[in-house]
Amino acid sequence: KNQVEQSPQSLIILEGKNCTLQCNYTVSPFSNLRWYKQDTGRGPVSLTIMTFSENTKSNGRYTATLDADTKQSSLHITASQLSDSASYICVVRSGGGNKLTFGTGTQLKVEL
Amino acid sequence: NAGVTQTPKFQVLKTGQSMTLQCAQDMNHEYMSWYRQDPGMGLRLIHYSVGAGITDQGEVPNGYNVSRSTTEDFPLRLLSAAPSQTSVYFCASSYPATGELFFGEGSRLTVL
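Predicted model, so just to flag it, every value in this text is computed and none were measured.

About the cut-offs
Residues numbered from 1 in each chain as written. Chains lettered and ligands numbered in written order. Predicted model: local features only at pLDDT ≥ 70, side-chain atom pairs only at ≥ 80, totals over all residues. Heavy atoms only, no water. Core = buried A, V, L, I, M, F, W, Y, C linked by side-chain atoms within 4.5 Å. Buried < 20%, exposed > 50% of the residue type's maximum accessible area, 1.4 Å probe, protein only. Helix = DSSP H or I, 4+ residues; strand = E, 2+ residues; numbered from the N terminus. Contact = heavy atoms within 4.5 Å. Disulfide = S-S within 2.5 Å. Salt bridge = Lys/Arg side-chain N within 4 Å of Asp/Glu carboxyl O.

Draft legend 1. Region of interest: the nonpolar core. All names here are of chain A. Residues Tyr25, Leu33, Trp35, Leu75, Tyr88 and Val92 are the most contacted members of the largest nonpolar core, which totals 24 residues. Listing elements by their share of this core, those giving two or more residues are strand 3 (19-25), strand 4 (30-38), strand 5 (45-51), strand 7 (62-67), strand 8 (72-77), strand 9 (86-94) and strand 11 (106-111). Ignoring sequence-local partners within four residues, the contact set of leucine 75 consists of Cys19, Thr20, Leu21, Trp35, Leu47, Tyr62, Thr63, Ala64 and Tyr88.

Draft legend 2. Structural detail: the state of the cysteines. A complete count under the given rule lists two disulfides over all chains for this structure. Disulfide pairing places Cys23(A) opposite Cys90(A) at an S-S distance of 2.0 Å. Judged by the sign of its S-S torsion, about -65 degrees, the cystine formed by Cys23(A) and Cys90(A) is left-handed. One end of the pair, Cys23(A), is in strand 3; the other, Cys90(A), is in strand 9, and 67 residues separate them in sequence. You can call Cys23(A) buried: its relative accessible area is 0%. What makes Cys90(A) buried here is its relative accessible area of 0%. A disulfide bridge connects Cys23(B) with Cys91(B), and the sulfur atoms are separated by 1.9 Å. Negative torsions about the S-S bond denote left-handed disulfides, and the value of about -70 degrees found for Cys23(B) with Cys91(B) makes this one left-handed. Placement of the pair is Cys23(B) in strand 3 (residues 19-25) and Cys91(B) in strand 9 (residues 87-94), with a sequence separation of 68 residues. Since its relative accessible area comes to 2%, Cys23(B) is described here as buried.

Draft legend 3. Up close: the pattern of salt bridges. Overall, the coordinates contain seven salt bridges over all chains when judged by the stated rule. Note that Asp84(A) is salt-bridged to Arg61(A), the shortest N-O span being 2.8 Å. Of this pair, Asp84(A) sits in the loop between strand 8 and strand 9 while Arg61(A) sits in the loop between strand 6 (56-59) and strand 7; the two residues are 23 residues apart in sequence, bridging distant segments of the chain. Close ionic contact of Asp38(B) with Arg44(B) constitutes a salt bridge, the shortest N to O distance being 2.8 Å. A single burial state applies to Asp38(B) and to Arg44(B), both of which are buried.

Below, the structure written as C-alpha cells:
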C-alpha cells in the first residue's frame, strides 16, 4: 500500500531560526513529489516539485531535497518568518497513473 | 484571475438533508477533483473529472455525486448528509492531469 509519512507532526520555532521537515514514502513506482503549504483556513499551494533525477531544489527560503534510493524528502526553511506558520504537506505521485498519496502534514508555528 | 472558486465557505446541515458544493475554475483546466480533509488524515480523493462529460470515483466516493457539464464547473452533491460527512472539502484543478493542483479555499461542512 502506498504511504507517505511526515515528521514531526508539529513544530514550534522562533522567528529567524531554521527548520527541516521530513517526508518518507513507500509509493511505487515513483513519479514525482511535491511540497504544498497550507495556511490556516486556505487551500494548499504548491511550493516545489521534485522528480526522480533531482536532488535539491530551492524556492526562495525553501529548499527541498530528494533521496530516491531511501525514499526520503526534506523541506528546509531558512530564516523563518511568522508567515511561514502553516501546515506543510508532502504529496507523492505514482507513475503509470494519476494517483496521488498525501501525507498528513507537519504543522509549523513560528513565534516571536 | 480568480483561480478555483468554491461556495459556500461554511454550511451546517441536518442529517438526511442534501446540498451541493459549487466549484468553478477559470484556468481552462481539464482535470478537476474533490477532496475531503479530516484531522489527522491526509487529503482523500472523492471524485474527479478529466474533462467535460467524464467523471470517475476516487478513494471515498460513497454518499457523493458529481457531474461535469462544462470545463469550468464541477459541483459536488451530498445526497443524504450524514455526520460522517462533517469535513472540510477542497476542489482542485490542474493542467495537465498530472500537473500541479490548484486548490480552492475550502468549504467547511458540519452535519448535525
